[in-house]
Amino acid sequence: MLHILFQDDNIIAIDKPSGLACIVERDREKDNLHALLSLICPQKIYIVHRLDKEASGVVLFAKNADTHRCLCRQFTGHTVRKTYLALLHGSVAGDSGTIDKPIRQFGSGRVAVDMEHGKPSVTEYEVIERFRDYTLVRTHPVTGRRHQLRVHFYSIGHPIVGDPLYGLRDTSNKRQATSKRLMLHAEKISFSLPTGEQMIIESPSPEAFTQFITSLRRTCL
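Visitor: Residue-level account of the environment of cysteine 220, with values.
Guide: Residue placement: cysteine 220 occurs in the segment after α5 (207-219). Since its relative accessible area comes to 38%, cysteine 220 is described here as partly exposed. In this view, cysteine 220 contacts Phe131 and Arg132; residues no more than four positions away in its chain are not counted.

What follows is the structure, encoded as structure tokens:
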């Protein structure tokens, strides 16, 4: 059952669970968020943006073409403010920072930093809490490239915990093995409606995310 965070005549915001793709995958038999939402909404639902399948949190859809155009302009112009929580491997230096590294997608589908041919990509972050061997950050992707947060944190030596593509490969790390999901959650999105009204929609951290953080706090006692 889909958890609706907010809806009116123009938009609908869904709290996407980890493990559910936003749009149809190669295997068309698998559920995806857009298809499930279309089953319960009488009108056409327009895709505005996406979250990685492994991530959770706020996903925004438009209910009409005018709102869709308005929101797409904001995403393209980088005026939408997106806020994520991410648990990183290692101890991040400093209390805040900016990662300004161009990235691009390769033929394999994997994304990586490419200083010569990559597209401009900027990520801001601030440290929220530190644990033994881990750092919890709140992060804002200024640009919205595919896998941007995952690639940027990997590029500075602090991959996101539970990342099956850019994470650590050392299976001896017990906490990595017990993280059954990507520890990346889209907790807030800020944007403007066609009327000019400013909207902020938030998603609480899911239980699996908070339980893992709680387990780390216990190890620090």
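Moving on from the coordinates now.
Visitor: Before we move on, could you go through the side chain of threonine 83 and cite the residues and values that matter?
Guide: The residue threonine 83 is located in strand β5 (residues 81-89) in this model. Those residues in contact with threonine 83, other than ones at most four positions away along the chain, are Arg138, Thr139, His140, His185, Ala186, Glu187 and Lys188.

Visitor: Give me the lowdown on the environment of valine 137, citing residues and values where you can.
Guide: Along the chain, the position of valine 137 falls in strand β10 (residues 134-141). What makes valine 137 buried here is its relative accessible area of 0%. Each C-alpha atom, one on valine 137 and one on leucine 87, is 6.3 Å from the other, the two residues being 50 residues apart in sequence. When neighbours within four sequence positions are excluded, valine 137 is seen to be in contact with Tyr84, Leu85, Ala86, Leu88, Tyr125, Glu126, Val127, Ile128 and Phe153.

Visitor: Account for the pattern of salt bridges, naming residues and giving values.
Guide: Evaluation of the coordinates by the stated rule reveals ten salt bridges. Between aspartate 95 and arginine 130 there is a salt bridge, with the nearest N and O atoms lying 3.6 Å from each other. Here arginine 130 lies in strand β9 (residues 122-131) and aspartate 95 lies in the loop between β5 and β6 (96-100), a separation of 35 residues in the sequence. A relative accessible area of 59% places aspartate 95 in the exposed class. Take arginine 130: its relative accessible area is 35%, and that puts it in the partly exposed class. Notably, a salt bridge pairs aspartate 163 with arginine 150, separated by 2.7 Å at the nearest N-O pair. Note that aspartate 163 is positioned in the loop between α3 (148-155) and α4 (174-178) and arginine 150 in helix α3, a separation of 13 residues in sequence. Here arginine 150 falls in the buried class, since its relative accessible area comes to 2%. Counted as one network, the salt bridges with shared partners bring together Asp52, Glu54, Arg150 and Asp163.

Visitor: Give me the lowdown on the pairing of strand β1 (residues 4-7), citing residues and values where you can.
Guide: Looking at chain direction, β1 and strand β2 (residues 11-16) are connected through three bridges and run antiparallel. Bridging across to β2, isoleucine 4 finds its partner in isoleucine 14. The antiparallel hairpin formed by β1 and β2 contains three residues in its connecting segment.

Visitor: Outline the packing of aromatic side chains, supporting the account with residue identities and numerical values.
Guide: Considering all chains together, one arrives at two aromatic pairs under this definition. Look at tyrosine 125 and phenylalanine 153: their rings are 5.7 Å apart centre to centre, the planes differ by 65 degrees, and that puts the pair in the edge-to-face class. Separated by 28 residues along the polypeptide, tyrosine 125 in strand β9 and phenylalanine 153 in helix α3 bring together distant segments of the chain. For tyrosine 125, a relative accessible area of 11% corresponds to the buried category. Exposure remark for phenylalanine 153: the relative accessible area of 0% places this residue in the buried category. Centre to centre, the rings of tyrosine 154 and tyrosine 166 are 6.3 Å apart; their planes meet at 55 degrees, and the pair counts as tilted. One end of the pair, tyrosine 154, is in helix α3; the other, tyrosine 166, is in the loop between α3 and α4, and twelve residues separate them in sequence. Here tyrosine 154 falls in the partly exposed class, since its relative accessible area comes to 41%.

Cut-offs applied
Residues numbered from 1 in each chain as written. Predicted model: local features only at pLDDT ≥ 70, side-chain atom pairs only at ≥ 80, totals over all residues. Heavy atoms only, no water. Helix = DSSP H or I, 4+ residues; strand = E, 2+ residues; numbered from the N terminus. Buried < 20%, exposed > 50% of the residue type's maximum accessible area, 1.4 Å probe, protein only. Contact = heavy atoms within 4.5 Å. Salt bridge = Lys/Arg side-chain N within 4 Å of Asp/Glu carboxyl O. Pairing = 2+ DSSP bridges. Phe/Tyr/Trp six-rings, centres within 6.5 Å; stacked < 30°, edge-to-face > 60°.

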